[in-house]
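Read off the chains here:
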Amino acid sequence: MNIIVSGIYIALIAVFAFRKDYTNLIVLMVLSLLGNMFYFDFYGSRIQAYQLIPLSVIFFDKVFYKVLLNNIIREIRYEYILLLLTGFLFGYLIPWDIGDSERTWSQLPEGRTIVALIRIALEINIIYFVYFVFVNDLVEINELLNIISFFVIFIVLVAIVDAIIGYPIYKHIFNVGSYFERMSGRLLGFSHEPRGFARTLEAMVMLLFISYINGYQFKFRNTSVIVGMLGVLLSFSFSSYILLGVSFVYLYKSEIFKARSLFIFMGVVIIGFIFYYMVKDNPKIALITSRYDMVTEGREEYLMEGENVLFTRFELFDRAALNFFSDNPQHLLIGTGPNLIGIPSSKYMDKSAIVTFQGQLSGIPGIGLVNLLSRSGIIGLLLYLLFYFKISHKLKKLSNKYLGDIFTISFITYLLVQNPIFFFAIGFVLSEMGKNISDQDNI
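1. Examining the packing of aromatic side chains
And then number 1: Per the counting criterion, the structure on display carries 30 aromatic pairs.
And then number 2: Seen from their ring centres, Phe18 and Phe60 are 5.8 Å apart, and the 85 degrees between their planes marks the pair as edge-to-face. Remark: Phe60 occurs in helix 3 (residues 49-60) and Phe18 occurs in helix 1 (residues 3-18); sequence separation between them is 42 residues.
And then number 3: For Phe60, a relative accessible area of 34% translates into the label partly exposed.
And then number 4: A centroid spacing of 5.3 Å and a plane angle of 65 degrees characterise the contact between Phe150 and Phe151, whose relative ring orientation is edge-to-face.

2. Some words on the pattern of salt bridges
And then number 1: With the rule as written, the count across this model stands at five salt bridges.
And then number 2: With its nearest N and O atoms 2.7 Å apart, the salt bridge here joins Asp405 to Lys401. Remark: Lys401 and Asp405 occur in helix 18 (residues 401-417); sequence separation between them is four residues, near one turn of the helix.
And then number 3: What makes Asp405 buried here is its relative accessible area of 2%.
And then number 4: The exposure class assigned to Lys401 is partly exposed, which follows from its relative accessible area of 37%.
And then number 5: A single salt-bridge network, built from bridges that share partners, covers Glu193, Arg195 and Glu315.

3. As for the environment of Phe18
And then number 1: By relative accessible area, Phe18 is classed as exposed at 59%.
And then number 2: Spatially, the C-alpha atoms of Phe18 and Phe59 are 8.4 Å apart, while their sequence positions differ by 41 residues.

4. Considerations on the environment of Pro365
And then number 1: Tracing the backbone through its elements, the reader meets Pro365 in the loop between helix 16 (351-357) and helix 17 (368-398).
And then number 2: A relative accessible area of 1% places Pro365 in the buried class.
And then number 3: For the pair Pro365 and Arg375, spaced 10 residues apart in sequence, the C-alpha to C-alpha distance is 9.8 Å.
And then number 4: Excluding residues that lie within four positions of it along the chain, Pro365 makes contacts with Phe317, Asp318, Ala321, Ile341, Val370, Asn371, Ser374 and Gln418.

About the cut-offs
Residue indices begin from 1 for each chain and proceed along its sequence in written order. In keeping with the predicted nature of the model, local features appear solely for residues at pLDDT of at least 70, side-chain atom pairs appear and are counted solely at 80 or more, and the whole-chain, interface and lining totals rest on all residues. Computation of side-chain values: all heavy atoms of the structure, hydrogens and water removed. Here is the rule: rings of Phe, Tyr and Trp (six-membered ring for Trp) pair when centre to centre is within 6.5 Å. Planes less than 30 degrees apart are stacked, more than 60 are edge-to-face, and the remainder are tilted. For helices the rule is a DSSP run of H or I covering at least 4 residues; for strands it is a run of E covering at least 2, with both sets numbered from the N terminus onward. Note on classification: 1.4 Å probe, protein chains only; a residue is buried when its accessible area is under 20% of the maximum for its type, exposed when over 50%, partly exposed between these limits. When a carboxyl oxygen of Asp or Glu lies within 4 Å of a side-chain nitrogen of Lys or Arg, that pair is called a salt bridge. The contact criterion used is simple: two residues touch if any of their non-hydrogen atoms lie within 4.5 Å.

If you want it as structure tokens, here you go:
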């Protein structure tokens, strides 16, 4: 964000936190979750606006401290303890070798460990914040759905209009330097790239859709679901199409889905026809087909010596991580430390990536499953899976299909694309469970 927008955002967060205005804090959180360009630069590191909101509440609401001591996410906290240990091990005790590359402090093992641990802690705090807000009925479910419904429509309309007129909104809010010409004609909304826009939009639309088929009433309920799905379709994001398809396949087994979704089904069919006529002669359709070819066939022309051709089906950061673990399976148990995978995996880049990234990787795997394995290994992944099965079991005992669907789809989405909305959804699900369980520590 530019300095003016950043100042306004920070001021609003501070004022709403001081006034304990949780409705407007949720408004700011939903907006920033739908747009990952809402971030602040802090000595070369990014702090997302949605990460700053729970932190601000700690300073102004002492009641929130009690929630932070709660064991509602015991397994996730254990994974974080593991990250503290591996961070000390691979960041300080026997730090990863950076070779001849020149890295800034935040990209060195020591600095990256601290930055990653802070960032992950801020994401975990989202769970506690959302749980605190909804378990105490500081914001009602219908209020949340109204907020999401409005912003889904708003984001899609802004994205479409901005793309048509040359992105003046995007450039003024986030500075001209944040825009890349290669994105021209694509929907960005308030995200750094089309797939970021589409993935967060898809997650929010599915939350609305699950609420819709379960009979929840909220403003613009029909319009927001249809417009949201249209936005995902127009994003030309192959991964978002997969997410949407997986979600519908999972939900289709539900009798509620079959009973209530006729209108949505007809809307999607209409959107499908419109979409077909919009893109049948559009060169952007090649973006989808090329991604499909890469995922299904791989890219043998980019195959490195000794590399499994299966790995060429993945994006660079995931591919490098997979190649690293293929050569160093001993690190699969506990991983490489908090977001440190980019250092040892930098040697696993093909020639084009070496030129583009100047021989060093700073990003992390985008696939949640690969990212979890990279940072905390099989132990970390098992802890997350244990958390999922524990909560799913308790939801079945409560016979709450609504929360079960939200939790499962959010978890699947996180394993596929590591979407931060996962933490928001967990907090929401646990808060609704907490209203039905007397001892909330035993959720």
